[in-house]
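Structural description and commentary
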Amino acid sequence: MALNEPLNRKLRMALIGGGAGSFIGRVHSIAACLDNRAELVAGALSSNPERSKASAPDYGIDESRAYGSYEALLDGESKLPEDQRIDFVSIATPNHTHFEIARAAVEAGFNVMCDKPMTFDLGQAESLMETVENSDVVFAVTHNYTGYPLVRQAREMIASGELGEINAIRTQYIQGWLRTQLEAEDQKQAAWRTDPTKSGAAGAFGDIATHAYNLGRYMTSELPESVSCHLKTFVEGRKLDDYGTAVIRYQNGALGTVTASQISHGRENDLEIEIDGTKGSLRWRQENPNEMIYRQNGKAHQIYTRDPNAAYMNDSGANACRLPSGHPEAFFEAFSNVYASAFDAMAARSAGQKIDNSNTVYPNICDGVEGMYFIQQCVASSRADAAWLPLKHAVARC
Ligand SMILES: NC(=O)c1ccc[n+]([C@@H]2O[C@H](COP(=O)([O-])OP(=O)(O)OC[C@H]3O[C@@H](n4cnc5c(N)ncnc54)[C@H](O)[C@@H]3O)[C@@H](O)[C@H]2O)c1
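Residues numbered from 1 in each chain as written. Predicted model: local features only at pLDDT ≥ 70, side-chain atom pairs only at ≥ 80, totals over all residues. Heavy atoms only, no water.

**A few points about the overall build of the protein**
Helix and strand counts for the protein stand at 11 helices and 14 strands. Expressed as a percentage of its 398 residues, the buried residues of the protein come to 56%. Relative to all contacts within the protein whose residues are 6 or more apart in sequence, the contacts with residues 24 or more apart total 69%. For the protein, the exposed surface amounts to about 16400 Å²; the carbon and sulfur share of it is 48%. Across the protein, 37 positive and 50 negative side-chain charges occur, with their mean positions spaced 2 Å apart. (Helix = DSSP H or I, 4+ residues; strand = E, 2+ residues; numbered from the N terminus. Buried < 20%, exposed > 50% of the residue type's maximum accessible area, 1.4 Å probe, protein only. Contact = heavy atoms within 4.5 Å. Areas by Shrake-Rupley, 256 points an atom, 1.4 Å probe, with all protein chains shown as cover. Lys, Arg positive; Asp, Glu negative; His and termini not counted. Charge placed at Lys NZ, Arg CZ, Asp CG, Glu CD.)

See the structure below:
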């Protein structure tokens, strides 16, 4: 297949965020370019214009396209001839900045890869959805765990009924890096994540429970009904939750749990999901992402390994692999799979096809809105002593 057919060229990327000392911007740049389907040509890499330009050589971005702000980037790129200007922007900045950057990029006609949580609050998310719906752009949210081959394998197994009816969805995302008040030491990533004016209404629940919740929704497609949540702040002086559990009732009668922690000693990025169906159960952990356990009573437990050539792999799982089994694939590759699915849509858009932004392999604007709704309802429930609140949403992914 030709490169990004029918476009037949690399897609041109702009990175917003990712300046010196930052985390996820670098991952975006590597993931987007892993398969040679994109090249990074422009950037507004920092909130500080000087630092923004100074960081450009780290990415090989030419001085002429190293911008001091996202506004200057969108303006400058819009004025370039079509055969030079960017095709998409990747937003890797703190949460409170996503909305304005994403809205401006969509209004300028650029495709968007936005990191999670999609916006600062639900109001912004709904407004952004309207803007996206009134455009023809591709809009993806980098819930990157959806890109793991065995996650996609599980999703197809569940959709085809291999697990039977889904009864339970248990997820947890356990970290320990905020066991102390790291934000008081001016640690960059800790500082904005624990600041309600930058992170949003939730701490651990906004940062990592959203990934866990999204993973359950992505793998099972079960629609939520209501939520009861208890959030706690264990580290003295911290302004947002650093631990919490939500119980979710799904519309089919299933029960789900989402637990998130930033204060568990020794825990790194332990995102885990277990799904119980009437015919079988699954377990997958992102710290050991090339294995998934499938169990049925009375049978030996089966370990699925990520193997593109194995007969037990379905198309969704096999197509998300790059390497033969046993050569570990992980975070970068999964992140890149989210990009690859969005690139397919971007190439289709370039050929004049209408983009359906609601039912896609990559997490989309609906997932972004749902994530913000989940955060809002969890915080509200917790403030009301874990009261049950609705978790229905008109834009639920199908
Ligand atoms: N998908 C994932 O697995 C994942 C992992 C980590 C972070 N994230 C998300 O990515 C985002 C960034 O997180 P991080 O840990 O990389 O943060 P960070 O603090 O390490 O980096 C943020 C970068 O954005 C820059 N920035 C801030 N405002 C800007 C603006 N207006 N214009 C241009 N640049 C600006 C900062 O200068 C910095 O370089 C957050 O929304 C976070 O939730 C997602």
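**Overview of the site of the ligand**
Taken together, 29 residues are adjacent to the ligand, and I24, N95, K116, N144 and Q189 come closest. At 2.5 Å, a side-chain N or O of Q189 approaches an oxygen atom of the ligand. Within the contact set of the ligand, an oxygen atom lies 2.9 Å away from a side-chain nitrogen or oxygen of W192. Considering the ligand on its own, with 850 Å² of exposed area, one finds that the protein chains cover 93% of that surface. Looking at the shell around the ligand, the elements with two or more residues in it are β1 (11-17), α4 (95-107), α7 (188-193), α8 (204-220) and α10 (331-350). Ranked by the residues each element gives to the shell around the ligand, the list is headed by α7, at 4 residues. Of the residues that constitute the shell around the ligand, the class distribution is 11 nonpolar, 13 polar and 5 charged. (Near = heavy atom within 4 Å. Polar contact = N/O pair within 3.5 Å; in protein donor to acceptor, adjacent residues only side chain to side chain. Nonpolar A, V, L, I, M, F, W, Y, C, P; charged D, E, K, R; others polar.)

**Observations concerning unusual backbone geometry**
Backbone torsion omega between E5 and P6 reads 5 degrees, so that peptide bond is classified as cis. Here P6 lies in the segment before β1. The peptide bond linking K116 to P117 adopts the cis configuration, its omega dihedral lying at -20 degrees. Position of P117 among the secondary structure elements: in the loop between β4 (111-114) and α5 (122-133). One non-glycine residue, D186, lies in the positive phi region at around 65 degrees. By the element assignment, D186 lies in the loop between β6 (166-174) and α7.

**Brief notes about empty space enclosed by the protein**
Here the structure, examined in full by the defined rule, presents 2 cavities of 30 Å³ or more. Taken as a whole, the largest cavity encloses approximately 50 Å³ of empty space. Lining the largest cavity are H143, T210, Y213, N214, R217, D367, E370 and G371. Listing elements by their share of the lining of the largest cavity, those giving two or more residues are α8 and α11 (365-383). Of the residues belonging to the lining of the largest cavity, the class tally is 1 nonpolar, 4 polar and 3 charged. (1 Å grid on protein atoms, 1.4 Å probe; cavity = no way out; pocket = protein on both sides within 12 Å on 5 of 7 lines; lining within 4 Å. Points joined across faces, edges and corners; volume = space filled by probe spheres on them.)

**Some details on the sheet that holds strand β5 (residues 139-141)**
Spatially, 5 strands are ordered β2-β1-β3-β4-β5 in an open sheet, and the strand pairing comes out parallel. Of all strands in the sheet, those with a lone pairing partner are β2 (38-44) and β5, marking the two edges. Direction aside, the axes of adjacent strands within the sheet are offset by 20 degrees on average. When β1 meets β2, the two strands line up parallel, connected through 6 bridges. Considered in β2, the bridge of L11 is made with A38. (Pairing = 2+ DSSP bridges. Axes fitted to C-alpha atoms, helices over the stretch in contact; angles between N-to-C directions.)

**What about a nonpolar patch on the surface?**
A contiguous nonpolar patch, built from I30, L34 and F332 and spanning about 220 Å² of accessible area, is present on the exposed surface. Secondary-structure assignment places I30 in helix α1 (residues 24-33). (Patch = residues over 30% accessible without salt bridge, like charges linked within 9 Å, V, L, I, M, F, W, Y side chains within 5 Å. Salt bridge = Lys/Arg side-chain N within 4 Å of Asp/Glu carboxyl O.)

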